[in-house]
Structures are given as C-alpha cells and as structure tokens.
Amino acid sequence: MKLRLTILTLLTYFVIASGAQVKVSGSVIDANTHNTVEFANIALLKNDSTFYAGASSDTLGLFAFNNIPKDNYILSATFVGYTKTYISVQVNGTDINIGTVSLATSDIMLKDVTVTANAVIQKPDRKIIIPSDAQIKASNSGVTLLRNLQLSRIIINPISNAITLPGGDAVQLRINGVEVTIAEVVALQPEDIIRIEYHDDPGMRYGGAAAVIDYITRRKESGGNLSTNLTNTPHKIGFSEDYFSAKVNHKKSEFGVNAYWHYRDLKWTRENKEIFVFPDKVLERDEKGEPTKVKENSLNIAANYSLLETDNYMFNATFRNRYEDEPNAFSNRKSTTYSSDGSAPLSILDESSIRSNTPSLDLYFQKNLKNDQLLIFNIVGTYINSKSTRLYQERREENLTTDIFSDVRGDKYSLITEGIYERKIGEGKLSTGLKHTQSYTNNTYSGNVETDISLKFAETYGYAEYQFKKNKFSYTFGLGLMRTYNSQGENSNKKYILRPNVRISYNINDNAYIRYNGLISGYSPSLSDLNNVEQEIDSLQIRRGNPNLKTVMYYVSTLNAGYNKGIFGIEFYMRHSYDHKPIMEQITFEGGKFVRSNINQKGFHRLYAETTVKLKPFKDYLTLSITPGVNRFISYGESFTHTYTSWRVRGSIVANYKQWSLSAEAYGRWNNFWAETQEIGERIHMIMAGYKADKWSLNLGILEPFSNNYSVGSRNRSTLVPTQSDVYTNKLNKIIMISFSLNLNFGRQYKAADKRLNNNDTDSGIMSGTKK
C-alpha cells in the first residue's frame, strides 16, 4: 500500500511539474531601423544572475526556450555593436511570448559589448562566425581577421594574400552578399565586420564556387573612411602589395573608391629534363637555366555608388578597371641544353610579355517585397583588350637554328545578366534564378602564324532550390538546367545539362553536426582551348587548339562533420569528384614533331580528405591548429591511366594580447595531378609579430626563415614526351616583410547593407605557345 501511494505521489508530482514547464519566445530587432537582428546571443538568467539556458536568434530574429519551469527570470540579449538589454520574465505556467526585444546600437563600437570568445553557429548551408573582441583588436583588415579565425580548409597566402582551398581552388569573396575582389576585403576595417558567413559547401546560386566567404558589415549613414595598407620589404627585390580605400556616406548614399597595386621584380631559375621518344630513336635533353628576370605589375581600381533604403530597395553601380602588365613573364628562361645525341649544346632564349586592360560596369538592383519576398537584378558589361608576345630562339655554336615569334592582339566583349527571386514558403525558403552570359571574342595572330579568329559563346543557366528544416534535419533540394553554346566559323557546339543538387544536414546537438551534399554540373571549354590555331613551342613541339571540344559533365559528393565545444574543435571534410570526358592534354607525333592539343579524354577521379584539429587553451588569446590531408587522383585517357597520392600537413599558431599579436604558420607542398602532369606546389612558412593602435598598425614578418630557396615544379608522365621541370629562386627566403596600415574614420552612424551577388568576366581567350 505504501509503495502504491509513493508511486502515485511521484506520478502526480511529475504531471504537475511537466505541466508547469512552458515555452518562452520572442524576437530581436534593431531599435533604430527595426530590422531583425540575426544570431543575437540570448541568455535566460535566474534572479541571482546565474545562467539557466542559452539560445541565439535565427535568420528572422526569432528565438525560443522550451520546457522552462515556473520561476522569475532575467532575459539578456546582446550582439556585437549593440548595448546589452535585460528584460524581466515571470513564468507562471503558460507559454509566454515576450514580443520584440529592441537592441540599441553602441555609441562606441565594441566598447559596450565584449565578445570573449568567437561564436560559431552551424547552419544547414553555412557556418556563422562572430569574431571575438581579441581577434578584432589583433586584426587590421578583413584578410588578417580571416587569418586569425583559422577556418578549416581556408588557406591565405602570406605573400599575395590570395585566399584559396587546398589544391588551389579560389575562394569566392563577398561583402554583404556581393562578390568582390581581394582589394575590397583588405580595405575592410575589422571593427565594421558584424560576422563572417562561411559557405564551405555552397548552394546552386553561387555558380559552382568551391567555397564562399561573405563578410557581413555595417554601413555608415554619415561621415566616411580613409585607409591604406602597405606591404613591402627592405631587401633589394621588387615586392609590393599596396591598397588604398576611401568612402563617403550621406544619408542613403555611399560613394567609394579603392585601388590595389601588385608589383614583383625577381629572378627565377628554370631547369628542365625532357625525353623525346621518336619512332626510331630516343632523344634526351637536359636544360640548365640561368637566373632570369620576371617582372609584373597590376593596378586594380574600382569606383562605387550605392543607394539604400532599408527594408525597401538597394541600387549599386560599380565601375572597375583592371590593368595588368608582365613585361617579363614567369615562363621566361635563359638556359643551355645538352642533348644525348652528342650534338653541340643549345642556347635557349624564351621571352614572353603579357598586357591587358579590362574595364567593366556592374549595375545591381534589389527590391524587398511583401511577405518575405526578394527580387534581385544584375547586369555586367566587360571589355578586355589584351596583347601577348613571345620570342623563342635556339642557337647552336652562335648559329640561329630556331626563331619563333608570335604577337596576339585580342578584343573580347561580354554581357552577363542575372535575376533571382526568393520567398519564404511555410517553414522553408524557395530560391529561383536565371543567368545568361553572352560574349564575342576576336583574336589577331601575327608572326610565324598569321590569322584572325572569331569566337562566339553563350551560356544560360536557370535553377530552383527549396530549403526546409524538420526536427534536427535540414534538407535542400535543387534542380538546374544549363545550356552552353560556342561557335567558331562553321564549327559549333551546343549542349543541355541537368544540374540536380541535394543537401542533407543533421545537427546532433548544439556542438556537433554532419552534412552530405551531392550535385551534378558541367563546364564549357575555355575560349583559348577552342582557338583553331597552331603555334610552335620549340624546334620539336607544336601547340594546337581544338574547336571540337565538348562541354564536360562532372559529379560531386561531399561529406563533412564537426564538433566544437570549449577549447577543443575538430572538423572532417571529404570530397569525391568525377569528371566525365574531361578536357585534357594529348601528345601525338605528326610530321616529325610532337603535337600538344587538348581533347575530351575518358575520365578523372579525385578523392580529397582532411581533418582540422583546433585548440584554444586560453580562449582566443592563443589558438593552435593542425590539419593533415590527403589527395588521391585517378586519370583515364585515351592512351593512358595514371594514379597519384599526395599527403600534406599544415599548421598555425596565433597569439593575441591586447594590441599585440604573434603568429606562425607553415604548410607543406600540396601537389596536384591532372591528365598526365603532377604539379608540385609551394611550401611556405612564416613568422609575424604586430602591434595595432586605434588608427594604425605595424607588422613585421620573416618569410621562409628555415629554407634556402622557394621552389615549384612539375612532372609529366607522357610516354612520348616525359618531362621534369623545376623553378626556384633564392630571393624569397629569409625575407623581412613590413606591413603598415592607417585607418581614419569620421562619422560613427552605421547601417547594414545587403547586396547579394555580382558577376565578372576575366577570360581573354588567348592561347599561348609557351610550355605549361
């Protein structure tokens, strides 16, 4: 009897207790603009200020706490750039919607709110990273902040600031949704960055990008900014990476200009070993190079005007001009070649120059409609004027035996138009888009070969994608259709490609996730490959274009998972891709010479995997990261099959204390393989220390402190012309680099902007006769 009474009492208690547990919900908005505040930190505290539960607002600013027992609480809401807000909450036994929580912007940025540890919020299609106060204080640009965050798979070249993935795939950079150049990212002030959205597995709207980094920033309503970032070296070598930016804001308008100057003047040594397998003999050539001058200049300038009315519309116009001049190209070489047939040595001179000028105009309009609908229109017109020359000579005992000269002048006109429509449907989001690219290219070849080539190219791509969430699972299903067309004279190629996409994500808990993505897509041949032109490489080889190349289909599956809690984080990433009928080089022997031409080969597999382990023993004051990875390649051609495996480890240490920073990073060679060629990547290590004041910063670094030279290379496994190439310089080791930045602000009122996309064209369509 007593046992039954005890059980009945316990059941009654649990029923009452469960009935007393309720849901507390609400939304977070900006007190000035009434815009929703995404990813705000929400905490439910007891009356003694002890922590009870935590959450974050979603993309609509909504938050909720479930199963909250009866009691009196304090709700705390905060986000970077806003003052902390407290609200008393009394839970009496029924669900409570406290309505909107208004956050007022901080009068002094990052003073009223301090983020003690960077927050990482895992979304179905991206990671949301909120930088900590220590990371922001230690950074002087958008690039250095990204370096301090040490995101998985993101590699930042300490020499050029290039942001890539392992294997060299470029990362698409955006600011408030619009694709930008590295110059615009360097011009970003860390204090203006609200968060970074890392799309490590981008959706269909990003056009096949391998990864996307999107900086979400504040926009001033008045005042402006002047900034510069200068990186140079006191050594007697030509090296500069210099940036300048200016912005002025007035009410709804913003005027901006930025410039980026890149300069190199070095000497490289190139050595080659080649074996030519003739039908009746084998000839070996051993080429010993001399230090050869390589010089390049580029100046990128952009002028921008934007008009923004929050929650209504945005218009943006950007004029860009990219000027590139390489009077002494990287492929240049002076050398002496020794042949196995006992003939006198050959003196080789190979000199190329490349110059191009690319103006473009980008017009963008975004309109927010009722019921969570969005329209975006973008049109970009580009003109590329290019010139490339090459002089190749072979001399034997002072007698000129081979003399090759080419001069190629190119003009390309392109127009890219895109429209996107998005709306919320139920608990999900629908995104649809249509993009069309049209271009016309005319190249005039003179020298040993004289001809005019005209190319027409068109590509149309439409897609629809729906994303929704159910319990702990998130699903994305998409379907796209792409039409490609190119023509040259009487030759033309047209193809339709279905591009389905599926993504499934499972959030195990607040600290762990797993995600799978699969897609089918395709890519068109480059305009330079489609040229119906034949150019001599040297006395034994010819490079020939192929106007009959077909569009390539490829299939991709990715799997990644992660766990982050406290001082420890680990992320695993694996990607398998298969290219069907890929465009690869083929070498044949015709008329006494070896002919290099691209054709559609059989297939290519690539399996890539890496694991990143990150430790933060002292919060964000010290971060250690190490990433081992492996690449496995299988290449199928009409006359070859090759396999290759490459292992690599990279690591970094970042320490920040108040205005001081110290970092060290190193990564081994990440070798690639394509067709029959193994590309030997660079190996870099660097140590840097810096100090950041309110308006300026100074960083000192040493590049390659433990090596004697900087080198890259390649190995070709062709049965007809196997080659080995090494390129190195002793001018980039133990180099001291000095980086100085200056940032002057006037006016302190901010507003967030939200331009979503941008398009550009950089392919001039010129085929080069130099060795690749």
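Right, let's walk through the structure included here. Here the structure is a predicted model, which is why all the values come from computation and not from measurement.

Broken down by element type, the chain carries five helices and 49 strands. Computed over the C-alpha atoms, the radius of gyration of the chain is 29 Å, within 12% of the 28 Å expected from 2.2 N^0.38 for a compact globule of 772 residues. The principal-axis extents of the C-alpha atoms in the chain amount to approximately 110 × 55 × 55 Å. Relative to its 772 residues, the chain shows a buried fraction of 52%. Taking the intrachain contacts of the chain between residues at least 6 apart in sequence as the baseline, contacts between residues at least 24 apart amount to 64%. In the structure as shown, the chain presents an accessible area of about 34,900 Å², 56% of it carried by carbon and sulfur atoms. Taken as two groups, the 90 positive and 78 negative side-chain charges of the chain have centres that lie 6 Å from each other.

In this section: the sheet that holds strand S32 (residues 541-544). The mixed open sheet is built from four strands, whose spatial order is S31-S32-S36-S35. The sheet is open, and its two edges are formed by strand S31 (534-536) and strand S35 (583-590), each paired on a single side. The mean inter-strand angle of the sheet, taken between neighbouring strand axes irrespective of direction, is 25°. Taken together, the three bridges between S31 and S32 define a ladder with antiparallel strand orientation. Bridged to Gln-535 within S32 is Arg-543.

Time to look at the packing of aromatic side chains. Going through the model one piece at a time under the given rule, you end up with 30 aromatic pairs. Joined through ring pairs, the aromatic side chains of Tyr-466, Phe-468, Phe-473, Tyr-475, Phe-477 and Tyr-506 make up one cluster. Between the NZ or CZ atom of Lys-281 and the centre of the ring of Phe-278, over which it lies, the distance is 5.1 Å. The positively charged end of Arg-606 is found above the aromatic ring belonging to Tyr-608, 5.9 Å away from the centroid.

A full pass over the atoms with the stated rule returns 25 salt bridges. Measuring nitrogen to oxygen at the nearest pair gives 3.0 Å for the salt bridge that ties Glu-197 to Arg-195. Each of the two residues, Glu-197 as well as Arg-195, counts as buried. When the shortest N-O distance is used, the salt bridge between Lys-593 and Glu-536 registers 3.0 Å. Of this pair, Lys-593 sits in strand S36 (residues 593-600) while Glu-536 sits in strand S31, and the two are 57 residues apart along the sequence. For Glu-536, a relative accessible area of 29% puts it in the partly exposed group. Taken together, the shared-partner salt bridges in this structure form one network comprising Lys-127, Asp-200, Arg-515 and Glu-571.

A word on the pairing of S32. The antiparallel hairpin formed by S31 and S32 contains four residues in its connecting segment. Bridge count between S32 and S36: four bridges; the pairing is parallel. When the sheet's bridge partners are listed, Arg-543 is paired in S36 with Arg-596.

With respect to topology, three strands assemble into an open sheet ordered S4-S1-S7, the strand pairing being mixed. Each edge of the open sheet is held by one strand with a lone partner, namely strand S4 (62-68) and strand S7 (96-103). Each neighbouring strand pair of the sheet contributes to a mean axis angle of 20°, computed without reference to strand direction. Bridge count for strand S1 (residues 22-30) against S7 is six bridges, and the pairing is parallel. In the strand pairing of S7, Val-28 is matched with Val-101.

Right, let's get into the environment of Ser-240. When you line up the elements, Ser-240 lands in strand S17 (residues 238-250). Spatially, the C-alpha atoms of Ser-240 and Trp-261 are 7.4 Å apart, while their sequence positions differ by 21 residues. Here Ser-240 is in contact with Thr-231, Asn-232, Trp-261, His-262, Tyr-263 and Arg-264, once residues within four sequence places are set aside.

This part covers the nonpolar core. Leu-146, Ile-154, Ile-182, Ile-213 and Tyr-215 are the most contacted members of the largest nonpolar core, which has 28 residues in total. Those elements giving two or more residues to this core turn out to be helix H3 (142-149), strand S12 (172-175), helix H4 (182-186), strand S14 (193-199) and strand S15 (212-220). Look past the residues within four positions of Leu-146 in its chain and what remains in contact with it is Leu-151, Ile-154, Ile-156, Ile-163, Ile-196, Ile-213 and Tyr-215. Membership of the second largest hydrophobic core comes to 25 residues, among which are Ile-42, Ile-68, Leu-75 and Ala-77.

Let's shift gears to the environment of Thr-729. Turning to its location among the elements, Thr-729 is positioned in strand S47 (residues 723-729). With sequence-adjacent residues up to four places away left out, Thr-729 is seen in contact with Lys-267, Trp-268, Asn-709 and Tyr-710. Engagement of the side chain of Thr-729 in a polar contact is seen with the backbone oxygen of Lys-267, the distance being 2.8 Å. At a separation of 3.1 Å, a polar atom in the side chain of Thr-729 contacts the main-chain amide nitrogen of Lys-731.

Even without being a glycine, Asn-371 presents a positive backbone phi close to 60°. Inspection of the secondary structure puts Asn-371 in the loop between strand S23 (346-369) and strand S24 (373-396). Positive phi values are uncommon outside glycine, yet Ala-675 reaches one of about 60°. Looking at the element boundaries, Ala-675 is found in the loop between strand S42 (672-674) and strand S43 (677-680).

Criteria and thresholds
Position numbers for residues start from 1 in each chain and track the written sequence from start to end. Whole-chain, interface and lining totals are the exception, using all residues; otherwise, since this is a predicted model, local features are given only for residues with pLDDT of at least 70 and side-chain atom pairs are given and counted only at 80 or more. Remark: hydrogens and water are excluded; side-chain values derive from all non-hydrogen atoms of the structure. The way it works is that DSSP assigns letters per residue, a run of H or I at least four long becomes a helix, a run of E at least two long becomes a strand, and they are numbered from the N terminus. Atoms counted for the radius of gyration: C-alpha only. Globule rule: 2.2 Å times the number of residues to the power 0.38. Remark: exposure states derive from per-residue accessible area (1.4 Å probe, protein chains only) relative to the maximum for the residue type, with buried under 20%, exposed over 50%, and partly exposed in between. Contacts: residue pairs with any heavy atoms within 4.5 Å of one another. To measure how exposed things are, a 1.4 Å probe is used in the Shrake-Rupley method; for residues, cover is taken only from the protein chains shown. Lys and Arg are tallied as positive, Asp and Glu as negative. Neither His nor the chain termini are counted. Charge placement uses NZ in Lys and CZ in Arg. For Asp and Glu, CG and CD serve respectively. Being paired, for any two strands, means DSSP has found at least two bridges between them. To get an axis, a line is fitted to the C-alpha atoms, and for a helix only the part in contact is used. The angle between two axes follows their N-to-C directions and goes from 0 to 180 degrees. Note on aromatic pairs: the rings of Phe, Tyr and Trp (six-membered ring only in Trp) are paired at centre separations within 6.5 Å, and the planes decide the class, stacked below 30 degrees, edge-to-face beyond 60, tilted for the rest. Sitting over a ring, as applied to charges here, requires NZ of Lys or CZ of Arg to be within 6 Å of the ring centre and within 35 degrees of the ring normal. Should a side-chain nitrogen of Lys or Arg be within 4 Å of a carboxyl oxygen of Asp or Glu, the pair is scored as a salt bridge. Think of a nonpolar core as a cluster: buried Ala, Val, Leu, Ile, Met, Phe, Trp, Tyr and Cys residues, connected wherever their side-chain atoms sit within 4.5 Å. Any pair of N or O atoms that falls within 3.5 Å is considered a polar contact. Within protein, one atom must be able to donate a hydrogen and the other to accept it, and sequence-neighbouring residues count only if both atoms are side-chain atoms.

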